[in-house]
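Read off the chains here:
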Amino acid sequence: MPTGDDASTLIDAFLDGLWLEQGASDNTLAAYRRDLAAWGKRLEGEGERLLAPGPRTLSAWIDERRGAGYQLRSNARLLSSLRRFYRWALAEGMIEADPLAEVRLPRVRPALPNTLEEAEVERLLEAPDLATDLGVRDRAMLEVLYGAGLRVSELVGLTTDALNLRQGVVRVRGKGDKDRLVPLGEEAVAWLERYLRTARGALMIDVARPALFPGRGDRAMTRQTFWHRIKVHALTAGIDRPLSPHTLRHAFATHLLNHGANLRVVQLLLGHSDLSTTQIYTHVAQVRLEALHADHHPRG
């Protein structure tokens, strides 16, 4: 454990601990590193040390960030990163008191994720050209993405041995390298069976390679390639609203709740470690219900 106050050494030690103890993902670790490196650079410019920031340096920096156009959510995430670092430093005995103990995190209203109506999802699923092997592959991928609520990274990382079509489940490796079993649903199973029977072999040089959905050279398709495919199919389906790579995952969760699913069940299916992460979808469902009431109720 470092005993000095070299910023980069301290940050490395903190991130190593975060990875070892909680299995934090590469993206999470990279976000912490960016925040802490920026804070360390700011302190260095003020002649201060990472473990001994001046009492007004942070508030001045946050004010400057606001003036530069940083949103409330961005500053809240930054403060959360710094607070976690100093709690770690306190627990490790590097400091005697948390310098951010009196700093209050700004309250941020959860941003509602972009999602699709059920009719729009149907149009998107039907958009691939089934006369082509690529179209059958894309239809199977879309069905699995929507039917199982996977992250795009989880979808493209699937291997053939992760499937159990007889039981209708798929083993998914999510954030922190945690595995979970997710039911696929009848439609996704049927399209996977068709894809494996007809299209996958035609798309691969060596069918023994493990990637379920191959891109170039029989390697797993990249997230960027699949995101491009989603945008192409959305255009075909006449969907012109903003989409994200997780749009079908959001639709999966929202539609389950709209049809009466238990929030805890949705949490397990999505692989969320914290129920509060899943609760955002209850807001989406509530907004939808209010819109339906306003449109269709005689006193709406």
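Use the structure listed above.
Residues numbered from 1 in each chain as written. Predicted model: local features only at pLDDT ≥ 70, side-chain atom pairs only at ≥ 80, totals over all residues. Heavy atoms only, no water.

Caption draft 1: Just the sheet that holds strand 2 (residues 169–173), in detail. Spatial ordering of the open sheet is given by 1-2-3, a layout of three strands whose pairing is antiparallel. Looking at which strands have only one partner, the edges of the open sheet turn out to be strand 1 (163–164) and strand 3 (179–183). Across five bridges, strand 2 lies against strand 3 in antiparallel orientation. If you follow arginine 173 over to strand 3, its bridge partner there is aspartate 179. (Pairing = 2+ DSSP bridges. Helix = DSSP H or I, 4+ residues; strand = E, 2+ residues; numbered from the N terminus.)

Caption draft 2: Structural view of the side chain of arginine 42. If you trace the backbone, arginine 42 turns up in helix 2 (residues 26–45). With residues near it in sequence (within four places) discarded, arginine 42 still touches Thr57, Ala60, Trp61 and Glu64. (Contact = heavy atoms within 4.5 Å.)

Caption draft 3: Layout of the environment of arginine 219. With respect to the helices and strands, arginine 219 occurs in the loop between helix 8 (186–203) and helix 9 (223–236). Take arginine 219: its relative accessible area is 53%, and that puts it in the exposed class. Spatially, the C-alpha atoms of arginine 219 and methionine 204 are 9.3 Å apart, while their sequence positions differ by 15 residues. What arginine 219 contacts, discounting residues up to four positions off in sequence, is Arg209, Ala211, Phe213 and Pro214. (Buried < 20%, exposed > 50% of the residue type's maximum accessible area, 1.4 Å probe, protein only.)

Caption draft 4: Main features of helix 3 (residues 57–67). What helix 3 keeps buried is the set Thr57, Leu58, Trp61, Ile62 and Arg65. The buried residues of helix 3 occupy one face: seen down the axis, they fall within an arc of 130 degrees. The secondary structure elements touched by the buried residues of helix 3 are helix 2 and helix 4 (72–91). With its phi angle positive at about 100 degrees, glycine 69 sits one or two positions after the end of helix 3. (Arc of directions from axis to C-beta.)

Caption draft 5: Structural detail: the pattern of salt bridges. Summed over all chains, the structure comprises 12 salt bridges. Among the salt bridges present, the one from arginine 33 reaches aspartate 12, with a minimum N-O distance of 2.8 Å. Residue arginine 33 is located in helix 2, and its partner aspartate 12 is located in helix 1 (residues 7–22); the two are separated by 21 residues in the primary sequence. For arginine 173, the salt bridge goes to aspartate 179, with nearest N and O atoms at 2.8 Å. A relative accessible area of 51% means that arginine 173 is categorised as exposed. Here aspartate 179 falls in the partly exposed class, since its relative accessible area comes to 41%. Ionic contacts of the salt-bridge type, sharing partners, join the residues Arg42, Glu46 and Glu64 into one network. (Salt bridge = Lys/Arg side-chain N within 4 Å of Asp/Glu carboxyl O.)

Caption draft 6: Expanded view of the pairing of strand 3. Side chains of strand 3 alternate between two faces, with Arg180 and Val182 buried and Asp179, Leu181 and Pro183 left unburied. Linking strand 2 back to strand 3 in an antiparallel pair, the connection comprises five residues, with glycine 176 at a positive phi of about 70 degrees.

Caption draft 7: Quick peek at the layout of surface pockets. Approximately 550 Å³ is the volume attributed to the second largest pocket. In terms of lining, the second largest pocket is formed by 21 residues, of which the most central are Ser25, Asn27, Ser153, Lys175 and Arg223. Of all elements in the fold, only helix 2, helix 7 (152–156) and helix 9 reach the threshold of two or more residues within the lining of the second largest pocket. For the lining of the second largest pocket, the residue count by class is five nonpolar, nine polar and seven charged. (1 Å grid on protein atoms, 1.4 Å probe; cavity = no way out; pocket = protein on both sides within 12 Å on 5 of 7 lines; lining within 4 Å. Points joined across faces, edges and corners; volume = space filled by probe spheres on them. Nonpolar A, V, L, I, M, F, W, Y, C, P; charged D, E, K, R; others polar.)

Honestly, it's all geometry; don't read function into it.
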